[in-house]
Amino acid sequence: MWNSTHFWGPVVNWGLPVAAIADTQKSPEMISGKMTLALAVYSSVFSRFAWMVTPRNYLLFIMHLTNCGAQLVQITRYVSFHGGMSNLGKMIEMEFNQKSPAKENEN
Amino acid sequence: MTTASRFKSLWNSPVGPKTVHFWAPLMKWALVIAGLGDLNRPAEKLSVGQQTTLAVSGLIWTRWCLIIKPKNYPLSASNFFVGLCGVYQLARIYKYEQSKKKIEA
């Protein structure tokens, strides 16, 4: 078992929740909103994947559950650092308008 | 085989859209897209731990997807790109750290 990718794959992936938990102690400026959200959704889908695959991979399953939780914690830190959901919405809208100034001139 | 029955067999396939074996690889591309979106993120704001894990795990999972049942080539491909993105970001962080050292020296 110790020789197989079925074991080492999930072991290496534990780096993701561990990195996230370590990052909770750092400034929320370091959080990439896109990547954290993508990781949270990804881990929730893959918890099921790990359960349904043959052979069933419990280690991977637990890891993805943990990661989903850890990424959600980072998301709440990110949202509160950027002034809450409404502020974030404005930020995203501003970024969007910056990328297409022609549209804003139209208005 | 008619088009209808072909669609039906795809729809009902063990790796078809009714199963997680279909959606999981699609989902993993979201990590690649997020990674690409972060390519221009300033290097001092990148998380070393996160990028290291993405790089190493992406490359390991590229192989895992080829030895599970059912084999999952699309998932293997997306893992490869996750790994590649992680390696690239690590290189950026390394370059940044080196340039910082030069300024301090």
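Look a little higher up for the structure.
Since the structure is predicted, the reported quantities are computational estimates derived from the model, not experimental observations. Along each chain, numbering runs from 1 in the same order as the chain's sequence is written. Chain letters start at A and ligand numbers start at 1, both assigned in the order the entries are written. Local features in this predicted model are restricted to residues whose pLDDT is 70 or higher, and side-chain atom pairs enter the listing and the counts only when it is 80 or higher, whereas totals over whole chains, interfaces and linings include all residues. The basis for every side-chain value is the complete set of heavy atoms in the structure, and neither hydrogens nor water enter the calculation.

Asks: Which residues make up the environment of Gly83 of chain B, and what are the values?
Replies: Residues and elements named next belong to chain B. Residue placement: Gly83 occurs in helix 4 (residues 73–104). Under the relative-accessibility criterion, Gly83 is labelled buried at 0%. Considered as a pair, Gly83 and Ile60 are 23 residues apart in the sequence and their alpha carbons are 8.6 Å apart. Excluding its chain neighbours within four sequence positions, the residues that come into contact with Gly83 are Leu54, Ala55, Gly58 and Leu59. Per the convention used, a helix needs a DSSP run of H or I reaching at least four residues, while a strand needs a run of E reaching at least two, with both numbered from the N terminus. The buried label applies to any residue whose accessible area, calculated with a 1.4 Å probe on protein chains only, is under 20% of its type's maximum; exposed applies above 50%, and partly exposed to all values in between. Here a residue-residue contact requires only that any non-hydrogen atoms of the pair lie within 4.5 Å.

Asks: Break down the interface of chain A and chain B for me, citing the residues and quoting the values.
Replies: Contact residues are listed per partner, giving 30 residues for chain A and 31 residues for chain B. Between chain A and chain B the total buried area reaches about 2,800 Å² when both faces are included, carbon and sulfur atoms providing 70% of it. If you sort the residues of chain A by the area they bury against chain B, Thr5, Met35 and Phe49 of chain A come out on top, with a joint share of 22%. Salt bridges are counted wherever a side-chain nitrogen of Lys or Arg sits within 4 Å of a carboxyl oxygen of Asp or Glu. For the pair chain A and chain B, the interface holds 0 salt bridges. As used in this structure description, the phrase polar contact means that two N or O atoms lie within 3.5 Å; if the pair is within protein, one of them must be able to donate a hydrogen and the other to accept it, and residues adjacent in sequence are counted only when both atoms belong to side chains. Along the contact surface separating chain A from chain B lie 10 residue pairs in polar contact (both at pLDDT 80 or more). Among the elements of the structure, helix 1 (5–13), helix 2 (15–23), helix 3 (33–52) and helix 4 (58–81) of chain A are those that each provide at least two residues to the side of chain A that touches chain B. Among the elements that line the side of chain A that touches chain B, the one with the most residues is helix 3 of chain A, at 11 residues. The residue makeup of the side of chain A that touches chain B, split by class, is 17 nonpolar, 9 polar and 4 charged. Throughout, the accessible surface (probe 1.4 Å) given up by two parts as they are put together, summed over both, is called the buried area. For this classification, the nonpolar set comprises Ala, Val, Leu, Ile, Met, Phe, Trp, Tyr, Cys and Pro, the charged set comprises Asp, Glu, Lys and Arg, and every other residue, Gly included, is treated as polar.

Asks: Hey, could you go over the layout of surface pockets for me, with residue numbers and the actual values?
Replies: Of the two site types, the cavity is a set of points on a 1 Å grid over the protein atoms alone where a 1.4 Å probe fits but cannot get out, and the pocket is an open set with protein on both sides within 12 Å along at least five of seven lines, each lined by residues with an atom within 4 Å of a point. Grid points are joined across faces, edges and corners, and a volume is the space filled by probe spheres set on the points. When its volume is computed, the largest pocket comes out at roughly 810 Å³. Along its surface, the largest pocket is lined by 27 residues, and Gly33, Lys34, Tyr78, Met91 and Glu95 of chain A are the ones closest to its centre. Every element with two or more residues in the lining of the largest pocket is listed here: helix 3, helix 4 and helix 5 (84–99) of chain A together with helix 2 (20–37) of chain B. Examining the composition of the lining of the largest pocket, we find that 7 residues originate from one element, helix 5 of chain A, more than from any other.

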